[in-house]
Structure formats: structure tokens, C-alpha cells
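# Remarks on the overall topology
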Amino acid sequence: MGKAHANALARLPMFFPDAPAVERHTLIGRNEAALADAAERFGFAHTETDWEAALEEVDVFYNLGPNHVHAEPSIAALEAGIPVFCEKPLAPTLEEAAAMRDAAAAADVPAGCAFNYRFVPAIRHARNLIANGDLGEIRQVRGRYLQDWLVDEEAPWAWRMDADMAGSGALGDLGAHTVDLLDFLVADETGPIESLSGQLRTFVGERPVFDDAGGIEEYRDVTVDDAYTAQVRYESGAVGTLEATRMATGHKNDHTVEVHGSKGSLRFSLERLNELEVLREGDRGYETVLVTDEEDPYLDHWWPPGHVLGWEHTFVHENYEFLSAVAEGREFSPSFAEAYEVQRVLDAVERSDESGERVEL
């Protein structure tokens, strides 16, 4: 995430000249030698191993660390009147997410959560179609996020597999994106998720830790889910099916959402992020729309039609929107309050799995 956001900050003056001027001032980490190398590559003028000291030097604080270090530094920055941009999910637990939400509400500065898929031009186009009524009454949604980087049972243990550091596994890592993206697309029509039934599953209970020579040093327990599924009902009566896994063989980064209405449907896949499949009333099948025209969201800043964008451009768009909100002293969306609502859904999935019962939100 440090590389993704640093790249976005470097691109802003070239492609978004109306963006606020930004100095990449201080990069924070634990290892001074690694920090010096990263600062040179990412274009930062200074390094710091103490985040509290760094807060005294910056105008905006980006918290891109693992989930378990989201709450304390972000809250401290907000209490000091410093705008905060924090990676998703907002926190490992609902309690910490609530504390971050409350700190943001009390602060007179923007606080944003980095749900970058909101800033895909095709997603913005999809949201406009839904808002304009092209799909009619929204009745059903589907969201899946499939990866396969943990299919191998000997894939190395990492912090994302520890509940204390990550909070949850595929649910928080991937499911948070799906919950937020569907909310962004349809919540104005359907209202929020009203209730759900969810389940979690861990397929591999321990993973190896490798030493510097490539040998297995030990095995550590996996204390998070490898996969989740959920059946949801929205306030309007619309229903949805959500799922994610990091063990879907053959899927690298397949984040797909579908929206079905009384007049039409649409479908989007992150692996084909410049395309949107649209079916309107009277059509016999889906039309594949290449969302790269100048009038499409954000595209007037980039290339001629058909010259496609990639994953990294979503970070440029969200950094442009967040930093513009900071400069103009206005709210940013997705806010900490919106990210907290995502966390409520993740927490409800966990509670439903534990109880074996449907959970009301």
C-alpha cells in the first residue's frame, strides 16, 4: 500500500494539475536501513521510526499499516487536528472501528477510508446508471471476491493469518471491499443491509514460517477464516449473496459484482476493470461497454478512448479526491463513519457464524 499510494502521489501533478501540491515528507517504519531504501524509492524526504514524532511534522497522515495499527495512530492524529487517510478494513474489531469513527466525528478535519474500487471509472458509470433508473427497482445483488494465493498448504504464514493483527481473514481483507462497493452502488435505492446469515471456514489450520535460508523454521496457527459466505437482505427487501476466499484455484483477483433490477442488470469484474456489462430493458443479452471515453468519470485526465487504465489508477483517483477534500475543508467519502458501517456487516457475519443464526443489524 505504501508503494501504491506513493505512486499515486507522484502521478497527481502530471495528470491532475488542479490537485493540491503535495510533499512526500516522512515515511514511517521500524527498520532504519529498510526505511532509507524505501524513502529513496518512494520519494520521501525524511524517515521516522516513531509515528508519534512524525505527527508533529506532517499536515496529513496516511495510515497504511496492518489492521492492528490502524486505531491508535489514526485517533491520535485526528485528536491533533490532522486529516487521516486509512487503509481498509477500518480496524480489526468493531470496538476499535467505533472509536475511530467517534474520533473522526469529533475532529474538524476529513477522515477517509481507502476503498479504492469506488474510484474505478466503470464503477462510477455503473452507479450513474443505477441512480438514473436504467435498471429499475433493484431486487438482487451478488458480490464475490476470489483469489488463490493460499491454495498451496505450504504457502508461508503472514500477518493476515493472525486474528490479533488482521481481525479476520478473507472476510475483512476481501469482503470489506465487496460490502462497501455494493453499498456505494445500490444503497441509495435499497437502504442498508438489514439482516444476514453468514458462515466462515478455515481450510488450512497452520502455515510454515521460513528462515533466511528458505528452510521451515516453525509452523504457526492460522486463526482467521480462509473463506466466508453471506446471504443478506436490504432494507428495501432486495436480497444479496456475498462470498470471498483466498483459496479459489485459478482466480487471481476476481472481484465481481452484479446488480439485477426490474428493468435491467449490470455486471463488473475487477479483472476486466475497463469494462462494464449492461443489460437494459428490451435487450436480448448483455452489452459490453468499454468505459474509456473522455466523458466517462476521470477519463478526461488520461488517454484517448480505448487506451485502458489499470489497478494503480484507482489510487490516483482516490488520492485526488481525498487531498482535494482536505484542501477545501470538506468531508470525504468513504468516511470513517461509512467504513464503520462496513465493519458492522463484517461483525454480523462473524456473529452469525458463531451462533448459527440469522443476525439483525
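So, here is what we can say about the structure in this document. These numbers come from a predicted model, not from an experiment. (Residues numbered from 1 in each chain as written. Predicted model: local features only at pLDDT ≥ 70, side-chain atom pairs only at ≥ 80, totals over all residues. Heavy atoms only, no water.)

Turning our eyes to something else, we now look at the nonpolar core. If you look at the biggest cluster of nonpolar residues, it comprises 68 residues, and the most contacted ones within it are V259, F268, L276 and F336. Considering every element that reaches this core, the biggest residue donor is helix 8 (residues 170–190), with 10 residues. When residues no more than four places from it in sequence are discounted, the contact partners of F268 are V120, A122, I123, H255, T256, V257, L273, E275 and L276. (Core = buried A, V, L, I, M, F, W, Y, C linked by side-chain atoms within 4.5 Å. Buried < 20%, exposed > 50% of the residue type's maximum accessible area, 1.4 Å probe, protein only. Helix = DSSP H or I, 4+ residues; strand = E, 2+ residues; numbered from the N terminus. Contact = heavy atoms within 4.5 Å.)

With 21 residues, helix 8 extends only 25 Å from end C-alpha to end C-alpha; this falls clearly short of the ideal 30 Å at 1.5 Å per step. The principal kink in helix 8, of about 50°, is found at F184. For helix 8, a buried count of 18 out of 21 residues is recorded, marking the element as mostly surrounded by other parts of the structure. (Expected span 1.5 Å × (residues − 1). Bend = angle between axes of the 7 residues up to and from the residue.)

Right, let's get into the pattern of salt bridges. For the coordinates displayed, the defined rule picks out 19 salt bridges. Taking the shortest distance from any N to any O, the salt bridge between R280 and D134 comes out at 3.4 Å. Of the two residues, R280 is situated in the loop between strand 14 (275–279) and strand 15 (287–290) and D134 in the loop between helix 6 (121–131) and strand 6 (138–146); the sequence distance between them amounts to 146 residues. What makes R280 partly exposed here is its relative accessible area of 30%. A salt bridge links R272 to E275; the nearest nitrogen and oxygen atoms lie 2.9 Å apart. Accessibility expressed as a relative area gives 51% for R272, which makes it exposed. Given the relative accessible area of 22%, E275 is considered partly exposed. (Salt bridge = Lys/Arg side-chain N within 4 Å of Asp/Glu carboxyl O.)

Our next topic: the sheet that holds strand 5 (residues 111–114). Paired through their backbone hydrogen bonds, the strands of a sheet run either parallel or antiparallel. The parallel open sheet is built from 3 strands, whose spatial order is 3-4-5. Lying at the two open borders of the sheet, with one neighbouring strand each, are strand 3 (61–63) and strand 5. Between one strand and the next, the sheet's axes are offset by a mean angle of 15°, whatever the strand orientation. Pairing of strand 3 with strand 4 (residues 84–87) involves 3 bridges; the strand directions are parallel. In the strand pairing of strand 4, Y62 is matched with F85. In this fold helix 9 (residues 311–328) packs onto strand 3, strand 4 and strand 5, with an angle of close to 150° to the strand it touches most, strand 4. (Pairing = 2+ DSSP bridges. Axes fitted to C-alpha atoms, helices over the stretch in contact; angles between N-to-C directions.)

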